[in-house]
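Overview (structure and organization)
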Amino acid sequence: MLSHDRVWAAIDALAERYSLSASGLAKRAGLDSTAFNKSKRLSSDGRPRWPSTESLAKIIEATGASLDEFTGLVEGRGKPGPGPLPARRSSVPLLGFAQAGAGGFFDDAGFPAGQGWDLIELPAQATGTSYALQVQGDSMLPLYRNGDVLIVEPGAATRKGDRVVVKTNAGEVMAKVLDRQTAKSIMLVSLNPDHPDRDIPMRDVEWVARIVWASQ
């Protein structure tokens, strides 16, 4: 039986199939990055909000899934089997950490906004929503050196032990190891022992992106 909960569960399952969060899936499909946020699945008075057929068509096309595969997810018949990914772009935007910390370069989900970036060839580990940050200075030694390129994925789910890039509302951008993240705060372990670990309130965090590849 078609239900509100099953349709949204199918969207989440499709995102997981391609190692994306719900916001990452929306972004890949050309939708607003908050289109599939859990907060938007119910109206302010508690009534269910359904995704549009246009949105469903776009995420099916963006992931390369078939309508039958998505219907199977709705009906609880399991995740779609392995299949070819859609064609992806051959290059990603390349920014310096100074650019990443400046205002106006990102949307509220941590994706580069605008055009005119330098580009770098897309590594195999990256996805169509990835972008590159170039390390500047020695604050990330010994793991990352000045000039190293980090490929980050804003839409990817993160867990304890992942290497991440975090931007604060004050414009500070840092690469750390994720130790813990709750609704209230995020605990980050420094890569460089000369720099302190950080426990940052989530209200002060603009975005968190997982590092999926580094040019070391």
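The numbering scheme is per chain: residues are counted from 1 as the chain's sequence reads. Reporting in this predicted model follows two pLDDT cut-offs: at least 70 for local features of residues, and 80 or more for side-chain atom pairs to be given and counted; totals over whole chains, interfaces and linings ignore these cut-offs and use all residues. Only hydrogens and water are set aside when side-chain values are computed; all heavy atoms of the structure are taken into account.

1. Some details on the overall build of the chain
- Numbering of helices and strands runs from the N terminus, with a helix taken as a DSSP run of H or I at least four residues long and a strand as a DSSP run of E at least two residues long. Secondary structure summary: the chain contains 5 helices and 9 strands in total.
- Helices and strands in the chain line up, N terminus first, as α-α-α-α-β-α-β-β-β-β-β-β-β-β.
- Think of it in three bands: residues with accessible area under 20% of the maximum for their type are buried, residues over 50% are exposed, and the middle band is partly exposed, with areas taken using a 1.4 Å probe on protein chains only. In the chain, buried positions account for 45% of the 216 residues.
- Throughout, a residue-residue contact means that at least one pair of heavy atoms, one from each residue, lies within 4.5 Å. The long-range fraction of contacts in the chain, counting pairs at least 24 apart against all pairs at least 6 apart in sequence, stands at 58%.
- Just so you have it, the chain exposes about 11,300 Å², and 50% of that area is on carbon and sulfur atoms. Accessibility throughout is a Shrake-Rupley quantity obtained with a 1.4 Å probe, and a residue counts as covered only by protein chains that appear here.

2. Some words on the environment of Arg-17
- With respect to the secondary-structure elements, Arg-17 resides in helix 1 (residues 4-17).
- For Arg-17, a relative accessible area of 23% gives the class partly exposed.
- For the pair Arg-17 and Ala-65, spaced 48 residues apart in sequence, the C-alpha to C-alpha distance is 9.9 Å.

3. Section: the layout of surface pockets
- Here a cavity denotes grid points, spaced 1 Å and computed from the protein atoms alone, that fit a 1.4 Å probe unable to get out, and a pocket denotes an open set having protein on both sides within 12 Å along at least 5 of 7 lines; residues with an atom within 4 Å of a point are the lining. Grid points are joined across faces, edges and corners, and a volume is the space filled by probe spheres set on the points. Taken as a whole, the second largest pocket encloses approximately 220 Å³ of empty space.
- In this structure, the second largest pocket is lined by 14 residues; those nearest its centre are Leu-2, Val-7, Leu-56, Phe-70 and Val-74.
- For the lining of the second largest pocket, the secondary structure elements donating two or more residues are helix 3 (53-63) and helix 4 (67-74).
- Among the elements that make up the lining of the second largest pocket, the one with the highest residue count is helix 4 (4 residues).
- Throughout, the ten residues Ala, Val, Leu, Ile, Met, Phe, Trp, Tyr, Cys and Pro are labelled nonpolar, Asp, Glu, Lys and Arg are labelled charged, and all others, Gly among them, are labelled polar. Of the residues assigned to the lining of the second largest pocket, the class counts are 10 nonpolar, 3 polar and 1 charged.

4. Some words on helix 4
- For helix 4, every residue scored as buried is listed here: Phe-70, Gly-72, Leu-73 and Val-74.
- Elements in contact with the buried residues of helix 4: helix 1 and helix 3.
- Looking one or two residues past helix 4, Gly-76 carries a phi angle of roughly 80°, positive in sign.

5. Remarks on the pairing of strand 5 (residues 163-168)
- Of all 6 residues making up strand 5, 5 are buried, and the element is well covered by its neighbours.
- For two strands to be treated as a pair, DSSP must find no fewer than two bridges joining them. Here strand 5 pairs with strand 6 (residues 173-181) via 5 bridges, running antiparallel. Bridge assignment links Val-166 to a residue of strand 6, and that residue is Met-174.
- The hairpin turn running from strand 5 into strand 6, its antiparallel successor, is 4 residues long, and Gly-171 in that turn takes a positive phi close to 95°.
- Of the pairings in the sheet, the one linking strand 5 to strand 9 (residues 205-214) comprises 5 bridges and is antiparallel in character. In the sheet register, Val-165 faces strand 9, and the bridge partner there is Ala-209.

6. Let's talk about the packing of helix 1 against helix 4
- A fitted line through C-alpha atoms serves as each axis, taken over the contacting stretch for helices, and the angle formed by two N-to-C directions is quoted from 0 to 180°. Close contact between helix 1 and helix 4 brings their axes to 8 Å; oriented N to C, the two are set at 120°. Taken together, the axis directions place helix 1 and helix 4 in an arrangement best described as oblique. Of the two possible hands of crossing, helix 1 and helix 4 adopt the one that is right-handed. In contact with Arg-6, Val-7, Ala-10, Ile-11, Ala-13 and Leu-14 of helix 1, helix 4 contributes Phe-70, Leu-73 and Val-74.
- Its residues assigned to classes, the contact of helix 1 with helix 4 shows 8 nonpolar, no polar and 1 charged. The labels follow the angle: roughly parallel below 35 degrees, roughly antiparallel above 145, roughly perpendicular from 65 to 115, and oblique for the rest. Should the near helix be turned anticlockwise from the far one by less than a right angle, the crossing is left-handed, and should it be turned clockwise, the crossing is right-handed.

What is shown is where atoms sit, not what they do.
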